[in-house]
Amino acid sequence: MNVLHYALAGGAAFRTPGDLLRGLTLDEATGAVPGLPYTLGALLAHLQVTQRTSLDLATGRADRWPDGLDVWPDAPTSGADLTALLGDLQAGLAEAQALASDPSSRARDVLTDLAAHSAYHWGQVALIRRLHGTLPEPEGA
């Protein structure tokens, strides 16, 4: 595994997204934390839309960032919506991992940017779950 793999999916310097999301419920995803401008679900929706758009750029499915893209879409409002969102995040992580194995120059640049952006927000996910009192212990701890 190379540094880009770890930066995208955790496991070296920080916890994996799967570990951070373990046991997440709709109530927690939609629950407000006093003083925070968004819910955990809104943050995850932001991660998903930016991840999907970045992957479209990295793979050549898109040639530029879409005009007017809503990078803070509505948070999931049902269990089915949350499940779909989490599934798409996991699928995107798998796609990013596959691309990171032998990336083109363009893909490497986009994936590096995605890794930095995502790491920032995965840290926020951990913090919000800690504030909710629901951050799971690391697997194997």
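Everything in this summary refers to the structure shown in the same document. Everything numeric here is computed off the predicted structure, so don't read it as measured data. (Residues numbered from 1 in each chain as written. Predicted model: local features only at pLDDT ≥ 70, side-chain atom pairs only at ≥ 80, totals over all residues. Heavy atoms only, no water.)

1. Structural notes on the overall build of the protein
Here's step 1: From N to C terminus, the protein includes six helices and zero strands.
Here's step 2: Shown N-terminal to C-terminal, the secondary structure of the protein runs as helices and strands in the order α-α-α-α-α-α.
Here's step 3: On C-alpha atoms alone, the protein measures out to a radius of gyration of 15 Å, which is about the 14 Å that the 2.2 N^0.38 rule sets for 141 residues.
Here's step 4: Projected onto the principal axes, the alpha-carbon positions of the protein cover approximately 40 × 40 × 25 Å.
Here's step 5: The long-range fraction of contacts in the protein, counting pairs at least 24 apart against all pairs at least 6 apart in sequence, stands at 77%.
Here's step 6: When the accessible surface of the protein is split by element, carbon and sulfur atoms take 57% of a total near 7300 Å². (Helix = DSSP H or I, 4+ residues; strand = E, 2+ residues; numbered from the N terminus. Rg over C-alpha atoms; globule rule 2.2 N^0.38 Å. Contact = heavy atoms within 4.5 Å. Areas by Shrake-Rupley, 256 points an atom, 1.4 Å probe, with all protein chains shown as cover.)

2. Re the nonpolar core
Here's step 1: Membership of the largest hydrophobic core comes to 18 residues, with the highest contact counts inside it found for Leu21, Leu24, Leu44, Leu86, Trp122 and Val125.
Here's step 2: When contributions to this core are tallied by element, the ones reaching two or more residues are helix H2 (17-21), helix H4 (40-59), helix H5 (79-101) and helix H6 (105-132).
Here's step 3: Setting aside anything within four residues of it in sequence, one finds leucine 24 in contact with Ala29, Leu40, Leu44, Leu82, Leu86 and Arg129.
Here's step 4: In terms of nonpolar packing, the next biggest core, distinct from the first, is built from eight residues, Leu8, Ala96, Ala100 and Ala115 among them. (Core = buried A, V, L, I, M, F, W, Y, C linked by side-chain atoms within 4.5 Å. Buried < 20%, exposed > 50% of the residue type's maximum accessible area, 1.4 Å probe, protein only.)

3. Considerations on H4
Here's step 1: Between its first and last C-alpha atoms H4 spans 28 Å; for 20 residues at 1.5 Å apiece the expected length is 28 Å, and the two agree.
Here's step 2: In terms of residue burial, H4 counts as a mostly covered element, since 17 of its 20 residues are buried.
Here's step 3: Positive phi appears at glycine 60, one or two residues downstream of H4, with a value of about 85 degrees. (Expected span 1.5 Å × (residues − 1).)

4. Here's the deal with a nonpolar patch on the surface
Here's step 1: On the surface, Leu36, Leu127 and Leu131 cluster together into a nonpolar patch covering about 260 Å² of accessible area.
Here's step 2: Exposure remark for leucine 36: the relative accessible area of 32% places this residue in the partly exposed category. (Patch = residues over 30% accessible without salt bridge, like charges linked within 9 Å, V, L, I, M, F, W, Y side chains within 5 Å. Salt bridge = Lys/Arg side-chain N within 4 Å of Asp/Glu carboxyl O.)

5. A closer look at the environment of alanine 42
Here's step 1: Structurally, alanine 42 can be placed in helix H4.
Here's step 2: On the basis of relative accessibility, which here comes to 12%, the residue alanine 42 falls in the buried class.
Here's step 3: Along the sequence, alanine 42 and aspartate 74 sit 32 residues apart, while their C-alpha atoms lie 6.3 Å from each other.
Here's step 4: In this structure, alanine 42 is in contact with Trp72 and Ala75, ignoring residues within four places of it in sequence.

6. Some points on the packing of H4 against H6
Here's step 1: Orientation of H4 relative to H6, taken along the N-to-C sense of each, is 170 degrees, at an axis distance of 10 Å. Of the possible angle classes, the one that applies to H4 and H6 is roughly antiparallel.
Here's step 2: Among the residues making up the contact of H4 with H6, the classes are represented as 14 nonpolar, eight polar and two charged. (Axes fitted to C-alpha atoms, helices over the stretch in contact; angles between N-to-C directions. Parallel < 35°, antiparallel > 145°, perpendicular 65-115°, else oblique. Nonpolar A, V, L, I, M, F, W, Y, C, P; charged D, E, K, R; others polar.)

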